[in-house]
Amino acid sequence: MAYPGYGGPQYGGPMPGMPGMPGMPGMPQGMPGGPMGGHMPGPMGGPMGGYSSYGGGFPGPYGAPSPAANDPMWGYFTAIAGQDGEVDAEELQRCLTQSGFTGSYTPFSLETCRIMIAMLDRDYTGKMGFNEFKELFVALSSWKQNFMMFDQDRSGTVEPHELSQAISAMGYRISPQALNAILKRYNKGGRVFFDDYVACCVKLRALTENFRQRDTMRQGSVNFQYDDFILCTMAI
């Protein structure tokens, strides 16, 4: 059961009752698809589809095919990944910009791409592998879907009180004081842009997960060592 400070089982996921949009089958909202989506150009082109939860990685020795080779997202990943088989923040930003994921909205900043990777960077390398890449797109698709519900005029912004509603609808229970601090942090001139909205969602998800892992008794409180606290907060 969720309690103050935690989201529900699908915290950070799509809002209840949100209609689906065209995109990757089996996902809350896909890319490409919908009024903001589009096919990835050049080497990243081609339709995207659903995928199963198997592992990924670059081909093994002697040219052995990767299990991920049949995954529809594998082509997108290999088109942007470095020779180390992972994606850094600049490569991720380039992928999201070239793919048209944000559509008419302002492209993601490099800083937002950094914290996207940090959210899933469990070994603190500053990069993400194929499985994390897929996990990120599931989350991004859900957040984009939620944002578009409030951005009816497609201006690329929502009002602070709408961000508050979105946070509550995603299952987070936080105090009015904490919520007010979030609204002040992520609004510009009284509006919340898509890039800032996603940055807020990333931090909420990452910090909540860090807290959840340490709250083994599910009591809503934990004791942090100073170094652990710094690691959890400064890495995002």
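Scroll up to find the structure this text is about.
Residues numbered from 1 in each chain as written. Predicted model: local features only at pLDDT ≥ 70, side-chain atom pairs only at ≥ 80, totals over all residues. Heavy atoms only, no water.

Asker: Would you mind going over the overall build of the protein with me for this structure?
Answerer: Across its full length, the protein holds eight helices and two strands. The helix and strand sequence of the protein, counted from the amino end, reads α-α-α-α-β-α-α-β-α-α. Within the protein, the proportion of its 236 residues that are buried is 45%. Taking as baseline every contact in the protein between residues at least 6 positions apart, the subset at least 24 positions apart corresponds to 65%. (Helix = DSSP H or I, 4+ residues; strand = E, 2+ residues; numbered from the N terminus. Buried < 20%, exposed > 50% of the residue type's maximum accessible area, 1.4 Å probe, protein only. Contact = heavy atoms within 4.5 Å.)

Asker: Explanation requested: the packing of helix 7 (residues 194-214) against helix 8 (residues 226-234) in the structure shown.
Answerer: How two helices pack is summed up by the angle between their axes together with the distance between the axes. Two elements in contact, helix 7 and helix 8, have axes separated by 9 Å at closest approach and are oriented at 150°. By the criterion of interaxial angle, the relationship of helix 7 to helix 8 is roughly antiparallel. For the pair helix 7 and helix 8, the sense of crossing is right-handed. Residue-level contacts link L207, N210 and R214 of helix 7 to D228, C232 and T233 of helix 8. (Axes fitted to C-alpha atoms, helices over the stretch in contact; angles between N-to-C directions. Parallel < 35°, antiparallel > 145°, perpendicular 65-115°, else oblique. Left-handed = near helix turned anticlockwise from the far one by under 90°.)

Asker: So what exactly am I meant to see when it comes to helix 3 (residues 110-120) here?
Answerer: For the α-helix, the turn length of 3.6 residues means that residues three or four positions removed from each other point alike. Across the 11 residues that make up helix 3, a large majority, eight, are buried. Buried within helix 3 we find T112, C113, I115, M116, I117, A118, M119 and L120. Close packing links the buried residues of helix 3 with helix 2 (89-98), helix 4 (130-150) and helix 7.

Asker: Sorry, what's going on with the packing of helix 5 (residues 160-169) against helix 7 here?
Answerer: It is at 12 Å that the axes of helix 5 and helix 7 come closest, and there the two elements cross at 35°. Remark: the crossing between helix 5 and helix 7 carries right-handed chirality. Between helix 5 and helix 7, the residues in contact are L163, A166 and I167 and Y197, C200 and L204, respectively. For the contact of helix 5 with helix 7, the residue count by class is six nonpolar, no polar and no charged. (Nonpolar A, V, L, I, M, F, W, Y, C, P; charged D, E, K, R; others polar.)

Asker: Even after reading the chapter, I still don't get the environment of F133, so can you show me in this structure?
Answerer: Structurally, F133 can be placed in helix 4. Accessibility expressed as a relative area gives 0% for F133, which makes it buried. In this structure, the C-alpha to C-alpha distance between F133 and Y76, residues 57 residues apart in sequence, is 9.7 Å. When neighbours within four sequence positions are excluded, F133 is seen to be in contact with M73, Y76, F77, I80, C95 and M128.

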